[in-house]
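# Observations on the three-dimensional arrangement
Here's the letter readout for the chains.
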Amino acid sequence: MTGAAGFIGSNLVEALIAETDWDVVGLDNYSTGSPDNVAHLATERRFTMERGDVAGLDDLGGFDTVFHLAALPRIQPSFDTPCEHLTANLTNSIHLLEVMMRKRRFPRLVYSSSSAIYGNPTTTPTAEDEPISCLNPYSFQKYEVEKYLELLAQRHPLDYVALRYFNPYGPRSFNPANPFNAYSSVMGIFLHRHREGLPLLVTGDGSQQRDFVHVRDVARANIRAALANRPMNTAFNVGYGSTMSILDLARRISNRIEFVAERPGEARITHANVDRARAELGWTPTISVEQYLARELG
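A brief structural summary.

Analysis parameters
Residues numbered from 1 in each chain as written. Predicted model: local features only at pLDDT ≥ 70, side-chain atom pairs only at ≥ 80, totals over all residues. Heavy atoms only, no water. Helix = DSSP H or I, 4+ residues; strand = E, 2+ residues; numbered from the N terminus. Rg over C-alpha atoms; globule rule 2.2 N^0.38 Å. Buried < 20%, exposed > 50% of the residue type's maximum accessible area, 1.4 Å probe, protein only. Contact = heavy atoms within 4.5 Å. Areas by Shrake-Rupley, 256 points an atom, 1.4 Å probe, with all protein chains shown as cover. Core = buried A, V, L, I, M, F, W, Y, C linked by side-chain atoms within 4.5 Å. Disulfide = S-S within 2.5 Å. Phe/Tyr/Trp six-rings, centres within 6.5 Å; stacked < 30°, edge-to-face > 60°. Axes fitted to C-alpha atoms, helices over the stretch in contact; angles between N-to-C directions. Parallel < 35°, antiparallel > 145°, perpendicular 65-115°, else oblique. Left-handed = near helix turned anticlockwise from the far one by under 90°. Nonpolar A, V, L, I, M, F, W, Y, C, P; charged D, E, K, R; others polar. Expected span 1.5 Å × (residues − 1). Bend = angle between axes of the 7 residues up to and from the residue.

## Digging into the overall build of the protein chain
Counting its secondary structure elements, the protein chain contains nine helices and twelve strands. A compact globule built from 298 residues should have a C-alpha radius of gyration of about 19 Å, and the protein chain, at 18 Å, falls within 12% of that. Taking the principal axes of the C-alpha coordinates as reference, the protein chain spans close to 55 × 45 × 40 Å. Split into buried and exposed, the 298 residues of the protein chain put 53% on the buried side. Put simply, 80% of the contacts in the protein chain that link residues at least 6 apart link residues at least 24 apart. Per element, the accessible surface of the protein chain, about 13,200 Å² overall, is 49% carbon and sulfur.

## Examining the nonpolar core
The biggest cluster of nonpolar side chains holds 41 residues, and the ones touching the most others in it are M1, L12, V13, F67, L163, V238 and L281. Every element with two or more residues in this core is listed here: α1 (7-19), β5 (160-165), α6 (215-227), β10 (234-238) and α8 (275-281). Ignoring anything within four residues of it in the chain, the contact list for V238 reads L163, R164, Y165, F166, V213, V218, A221 and W283. Counting 19 residues, the second largest nonpolar core, distinct from the first, contains I94, L96, L97 and M100.

## Section: the state of the cysteines
Per the stated rule, a full pass over the model turns up zero disulfides. Free of any disulfide, C83 has its nearest neighbouring cysteine sulfur in C134, separated by 18 Å. Overall, C134 belongs to the partly exposed group, its relative accessible area being 27%.

## What to know about the packing of aromatic side chains
The tally for this structure, following the rule as stated, stands at three aromatic pairs. Geometrically, the ring pair formed by Y169 and F212 is edge-to-face, given 6.3 Å between the ring centres and 85° between the ring planes. A residue pair is termed long-range when its members are at least 10 positions apart, and Y169 in strand β6 (residues 167-169) and F212 in strand β9 (residues 212-214) qualify at 43 residues. Both residues of the pair, Y169 and F212, count as buried.

## Points about the packing of helix α7 (residues 246-253) against helix α9 (residues 289-297)
Running from amino to carboxyl end, α7 crosses α9 at an angle of 30°, the nearest separation of the two axes being 11 Å. Judged by the inter-axis angle, α7 sits roughly parallel to α9. Between α7 and α9 lies a crossing of right-handed hand. Residue-level inspection shows L249, R252 and I253 of α7 in contact with α9, the latter providing V289, E290, L293 and L297. Of the residues assigned to the contact of α7 with α9, the class counts are five nonpolar, no polar and two charged.

## Structural notes on the packing of helix α5 (residues 186-195) against α9
Running from N to C, α5 and α9 cross one another at 25°; their axes reach a closest spacing of 12 Å. Classified by the angle between their axes, α5 and α9 sit roughly parallel to one another. The two elements α5 and α9 cross, and the hand of that crossing is right-handed. Residue-level contacts link M187, L191, H194 and R195 of α5 to V289, Y292, L293, E296 and L297 of α9. Here the contact of α5 with α9 is built from residues that sort into six nonpolar, one polar and two charged.

## Description of helix α3 (residues 82-103)
Every α-helix carries 3.6 residues per turn, so stepping three or four residues along brings you back to the same face. Given a rise of 1.5 Å per residue, 22 residues ought to cover 32 Å, and the 31 Å separating the end C-alpha atoms of α3 matches this to within 8%. Along α3, the sharpest kink reaches roughly 30°, centred on A88. Looking one or two places after α3, you find R104, whose phi comes out positive at around 55°.

## A short note on the environment of V274
Relative to the helices and strands, V274 resides in the loop between β12 (257-260) and α8. Classification of V274 as buried rests on a relative accessible area of 3%. Considered as a pair, V274 and L57 are 217 residues apart in the sequence and their alpha carbons are 33 Å apart.

## Thoughts on the environment of A226
Its place among the elements puts A226 in helix α6. On the basis of relative accessible area, A226 is assigned to the buried category, the value being 2%. Not counting residues within four places of it along the chain, the set of residues in contact with A226 comprises W22, T65, F67, R108 and V110.

## Topic: unusual backbone geometry
Cis geometry is found at the peptide bond from T124 to P125, where omega equals -10°. Mapped onto the elements, P125 comes out in the loop between β4 (108-114) and α4 (137-152). That bond from R230 to P231 is cis: its omega, -15°, falls within 30 degrees of zero. With respect to the helices and strands, the residue P231 is situated in the loop between α6 and β10. Even without glycine at this site, R172 takes up a positive phi of about 70°. Note that R172 resides in the loop between β6 and α5. One non-glycine residue with positive phi stands out, namely N233, at about 55°. As for its position among the elements, N233 is in the loop between α6 and β10.

Have a look at this one:
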C-alpha cells in the first residue's frame, strides 16, 4: 500500500488488519503522512511499514493487490507548486504501472481517485458518467491517471479499480503540526478549532455543499474493490450520497463563525450517486455526519 501513513491509508491498514487475514506492507515517504498514524500498529505481525517513495519501487512481486493512495491531495497548493504535484500525483503513478508492465505481473490496483474531476457537475447526485470538468491541477492529475489506466489497459492486462472519493473525514484527517497533510478535511479543521476555542473560518458565504463520507466507509470500499470480480477496469464513486452546506456544518459544531474570502478552483457542490458501487461492489456507506458529530461533540 502506498501512502500507508496518511489519513486514509492508516485507516485502511487498520481495516485490513481487522477484517482480512492478509499480510500488509505499507510504503510512505512521510511528506504528508506521519509515522504517528501507524505507530499503534507496530506490533501487528501482519503489518510491515517501510519508508520510501513510489519512484523507488522496482518490483511488485508477491503482491496480489496494490492500494495506491500516495499523493499530494490538496487543491489550493496544486496551483502554487504544479510541478511538485505533477510528480507526486501523475509521474509516480505511471511509474507504478511501468513496474507492472516491465515485470509482466499485474496485481489488482485499487487507485485512489477523486470526485474533484467532476468540477461543478451538471447533474446531482452525480454518477460516474458525468462529464469531466477539472477546475484545478490536482483534479486534472487524478483524471490523467485514470485515462492512463484506461489507455494502457488496451495493450496490457491491467486489472484496476479507480475509487472517486468525495469528501472523506474521520480520525487523523487533520494534523495541526502539518496543515497541508493529506485530505485535511474541513470537518477535521472545524473540530480542531472548536476544541482550541477558536472561531470556525467559513470560506465565502458557506453555501457550498459537500458530500461527506467517513474514512471507515472509504476503507471498506477499498476492501470491496480489492475483492470484486476480476478484471473490472472501471471507476466507482465513494460518497455518502447526501450533501450538507459548509455553513450548516459549522453551525452544528460551534456558534463562533467568521467568514473569509472564497477560494477559487473549488466546486460549489459535491453529491455522489453511489448506486453503482452498491450494485457492483456490494458497498454501502454506513456512518452519517450526524452520528460522527454526536460522538465527537457529545
